[in-house]
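Survey of secondary and tertiary structure
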Amino acid sequence: MQYSDEKEVAPRAEAVEEHGRYLYCVAASGEKISLGKIGIESKEVYTIPHRDICAVIHDCPAEPYQSDNQEVVKAWVIAHQKVVDTAWERWGTVLPLSFDTIIKGETEGSAQRNVQDWLEQEYERLKSKIENLRGKAEYGVQVFWDPKVIAENLTRTSSEIRKLDEEIRLKPRGLAYMYRQRLENLIKREMETKADECFKDFYSRIRKHADDIRVEKTKKAEQGLQMIMNLSCLVYKDKYTELGEELDKINRLEGFSVRFTGPWPPYSFIEGA
Amino acid sequence: MEPTRNSHATLVDLLDRILDKGLVINADLIISVAGIPLIGVNLRAALAGMETMLKYGVMKDWDERTRAWESEHRKKVEITAISGEEIILEMFGSYYYSQGIYTAWRMGRIYLTGKRLILYHPSFEEMLFETPLEKIKGMALERENYFTGKERENLCLLLESGDVVRLHALDTLKLKEALEQRMSTLGLGWEEVPGLAAHDERTAIFLSQGEEVICSGKMWYLMSPRGIMAESWKPGHLYLSNKRLCWWYDFEGKVGFEIPLDRIVGSSVGTRDLGTALKGAKVLDVVYLNQGGKEVASFSGEGLSEWERALNGIASGKELAPAFEIETCPQCGQEAPANELLEMGCRYCGWVSPRLKRQLRQSALDRATR
């Protein structure tokens, strides 16, 4: 097994080349600093500054992070978020990037230059986004209702539904079936109207406490609940308690519940800020 | 109402943001695969599963959780499991999880307490691995070519149960030192067992019934171009079994190349330039038959001439070469075949592996009770 040290290093040198720069966020600081080995796969995270902003990055091969393994992906995504959080805590304002944004580079140093050039060219745009987002954070607000409870309440309060409901009791069986179909359709329509009303009402109440709002798609919910609104709210960091109080009021309504998540870095408000 | 973003409950919310949103960069500057956003390539598949899991598993107790949120988020997240135990060392780390076909380095925080060694995942509040210190019977440092291209150190632990656990920490050496110090303080005995590092769990995954590994070793493989990736050397392990020659791709954790033994035509070691930096490296070319023609697979690593001899032996229809994995005795440093060392002990100085010791003790006990 004659195999000299030099030769043993051979293929490894090829794989070590880290010509890409994994980009976590742009932060409001001109500091040139290492944040330590806090990155994805414990990579060392550091900044590339330009004037009073910097890119927060780690060196990586110019290949995307890809895996079918849930555990691995979970750990990556959480590591990404931890880095953005660290930068956010340190410098107050960040423009986060989505997972797996890697600046290309063909040779050693060219990705580094690409990052620098990009910061330089985009400086005005990035700087104005930072200014617009200064002191603000993103919060997720999801409002759910329990359709059973809502339908019951509607049956009690809507005169039209109540009338139909009473008529059914007086009808012979066959007719009662038809009437019940009509009743179900009526309840469905009334619930749609009710959802619309609630959306408008809640939206205007939440809007007062938010600097900006993005309406997101509603998603499927579990436990028989329905999501009737899904918002991302941009809120001044010191103002979220007021929003929380407003959400409390909604949460206390019978049949309604609210999920309040955050503070998130302002992911949903970067474009357009 | 206070906002929350703790642990499992908000992972989906995080994913919604981190995967689709954020600062947009000129596409010319960033890596993409055939113009498809990266995340679409295959992370989605893994994440779809995750979302379902969260919905059906974690979200099941959704209503209860909603009500518990407010009180919950105020509680400082602390590991109740180790409350009351002195934490001697805490650092980021991971351990190699392998069960059936599922393998992964699972990451978390390593805690060395007065009594236990623990790997804990703070975000998921999950205990990934734990062992009482007195169950640790052997240790070894292993150097591994991690897929990032860097060589890194792993700490292999032999547990009383006979299981071997591989851990990696931010500072593996420091972890080992602290562990040894604590175990000495407690008066616990353990042994350095370099053979542990050779212990290979990968084979358990891909070997079929009746298949046995004859020899194995770390080996680089010249992978043909795939998608946007050019031809390149990839780190892995080459295995010769009584049925096939196959190469395990460390990066993807699966078999990346394999051929049945009867298709091997021959092999030769030559000298070649690998990339621009390295001239005249040794490369093992294995010629084999593939759908109508001869093809060549190239490997680079240690002990190429041994591999060449073994493969040519197979090609010429001779008996399979005997196992030649050589290990040094942890006590006297004499070289001997690894299996001989582990199964019979060292014939020079009489060193015996902990596992063998246990077996001997057990059989002595059996005899005594009989």
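Residues numbered from 1 in each chain as written. Chains lettered and ligands numbered in written order. Predicted model: local features only at pLDDT ≥ 70, side-chain atom pairs only at ≥ 80, totals over all residues.

A tally of regular secondary structure across chain B gives ten helices and 17 strands. Of all intrachain contacts in chain B linking residues separated by at least 6 positions in sequence, the fraction that spans at least 24 positions is 47%. (Helix = DSSP H or I, 4+ residues; strand = E, 2+ residues; numbered from the N terminus. Contact = placed C-beta atoms within 7 Å.)

Turning our eyes to something else, we now look at the overall build of chain A. Across its full length, chain A holds eight helices and ten strands. Counting the 273 residues in chain A, one finds 40% classified as buried. Of the contacts made within chain A by residues no fewer than 6 positions apart, 71% connect residues no fewer than 24 positions apart. (Buried ≥ 20, exposed ≤ 12 C-beta atoms within 10 Å, placed from the backbone.)

All names here are of chain A. Among the nine residues that make up strand 10 (residues 256-264), seven are buried, leaving the element largely enclosed by the rest of the structure. Bridge count between strand 7 (residues 136-145) and strand 10: seven bridges; the pairing is antiparallel. Bridge pairing links Phe-144 to Ser-257 in strand 10. (Pairing = 2+ DSSP bridges.)

Quick look at the sheet that holds strand 8 (residues 212-216) of chain A now. All names here are of chain A. If you walk across this open sheet you meet the four strands as 8-9-7-10, and the pairing is antiparallel. Both outer strands of the open sheet, strand 8 and strand 10, are each paired with one neighbouring strand and no more. Going across the sheet, the axis of each strand differs from the next one's by a mean of 20°, ignoring polarity. (Axes fitted to C-alpha atoms, helices over the stretch in contact; angles between N-to-C directions.)

Let us now look at unusual backbone geometry. Residue and element names in this part refer to chain A. Here Gly-262 and Pro-263 are connected by a cis peptide whose omega angle stands at -5°. Among the structural elements, Pro-263 can be located in strand 10. Of note, the phi angle at Glu-41 is positive, near 55°, even though the residue is not glycine. Even without glycine at this site, Arg-51 takes up a positive phi of about 50°. Positionally, Arg-51 belongs in the loop between strand 3 (45-50) and strand 4 (53-60).

Turning to the nonpolar core, a few remarks are in order. As a rule of thumb, soluble globular proteins bury nonpolar side chains together. Grouped together as the largest cluster of nonpolar side chains are 74 residues, with contacts concentrated most on A:Tyr24, A:Cys25, A:Ala27, A:Val56 and A:Ala87. If you tally residues by element for this core, the top one is helix 2 (residues 70-91) of chain A, at eleven residues. Those residues within four positions of A:Tyr24 in sequence are excluded, and the remaining contacts are A:Val45, A:Val56, A:Ile57, A:His80, A:Val83, A:Val84, A:Ala87 and A:Leu97. Membership of the second largest hydrophobic core comes to 27 residues, among which are B:Leu240, B:Trp248, B:Leu274 and B:Trp307. (Core = buried A, V, L, I, M, F, W, Y, C linked by C-beta atoms within 7 Å.)

This part is about helix 8 (residues 304-315) of chain B. Residues and elements named next belong to chain B. Given a rise of 1.5 Å per residue, twelve residues ought to cover 16 Å, and the 16 Å separating the end C-alpha atoms of helix 8 matches this to within 8%. Three or more residues of helix 8 are buried, namely Leu-304, Trp-307, Ala-310, Leu-311 and Ile-314. Projected onto a plane normal to the axis of helix 8, the buried residues spread over an arc of 125° and lie on a single side. (Expected span 1.5 Å × (residues − 1). Arc of directions from axis to C-beta.)

Now for the packing of helix 2 of chain A against helix 1 (residues 11-20) of chain B. Between two packed helices, both the angle of their axes relative to each other and the distance between the axes serve to describe the pair. Remark: helix 2 of chain A packs on helix 1 of chain B, axes separated minimally by 11 Å, with the N-to-C direction vectors making an angle of 80°. Viewed along their axes, helix 2 of chain A and helix 1 of chain B adopt a mutual orientation that is roughly perpendicular. Listed contacts from helix 1 of chain B to A:Val77, A:His80 and A:Gln81 of helix 2 of chain A are B:Leu14, B:Leu15 and B:Ile18. Classifying every residue of the contact of helix 2 of chain A with helix 1 of chain B gives four nonpolar, two polar and no charged. (Parallel < 35°, antiparallel > 145°, perpendicular 65-115°, else oblique. Nonpolar A, V, L, I, M, F, W, Y, C, P; charged D, E, K, R; others polar.)

A few words on helix 3 (residues 110-121) of chain A. Residues and elements named next belong to chain A. Under the 1.5 Å per step criterion, the end-to-end length of helix 3 is 16 Å for twelve residues, consistent within 8% with the ideal 16 Å. The complete set of buried residues in helix 3 reads Ala-111, Val-115 and Trp-118. An end-on view of helix 3 places all buried positions within 65° of arc, on one side of the element. Structural note: helix 3 exposes Glu-120 and Gln-121 on the side pointing more than 90 degrees away from its buried face.

Once that is clear, we can look at the packing of helix 6 (residues 159-170) of chain A against helix 7 (residues 173-207) of chain A. All names here are of chain A. Packing of helix 6 against helix 7 brings their axes to within 10 Å, and their N-to-C directions diverge by 165°. Between helix 6 and helix 7, the angle falls in the class roughly antiparallel. The element helix 6 and its partner helix 7 pack so that their crossing is left-handed. On the side of helix 6, the interface is formed by Glu-160, Ile-161, Leu-164, Asp-165, Glu-167 and Ile-168, while helix 7 contributes Ala-176, Tyr-179, Arg-180, Arg-182, Leu-183, Leu-186, Ile-187 and Glu-190. Here the residues of the contact of helix 6 with helix 7 are counted per class, giving eight nonpolar, no polar and six charged. (Left-handed = near helix turned anticlockwise from the far one by under 90°.)

Among the secondary structure elements, A:Trp264 is positioned in strand 10. A:Trp264 gets classed as buried once you count the C-beta atoms within 10 Å, which come to 26. Setting aside anything within four residues of it in sequence, one finds A:Trp264 in contact with A:Ala137, A:Glu138, A:Gly140, B:Arg5 and B:Arg17.

Take the environment of A:Thr155 next. Residue and element names in this part refer to chain A. Of note, Thr-155 is situated in helix 5 (residues 147-157). Note on Thr-155: 16 C-beta atoms within 10 Å, which makes it partly exposed. Considered as a pair, Thr-155 and Glu-190 are 35 residues apart in the sequence and their alpha carbons are 9.7 Å apart. Setting aside residues no more than four positions away along its own chain, Thr-155 makes contact with Ile-161, Arg-162 and Asp-165.

Residue and element names in this part refer to chain B. Mean pLDDT over chain B: 73, with 71% of residues reaching 70 or higher. Highest mean pLDDT in chain B belongs to helix 5 (residues 172-185) (91); lowest belongs to helix 4 (residues 62-74) (39). Note on residues 33-38: pLDDT is under 50 here. Beyond four places in sequence and across chains, it has eleven contacts. Model confidence for the complex is summarised by a pTM of 0.49, with the ipTM given as 0.82. (pLDDT = per-residue confidence, 0-100.)

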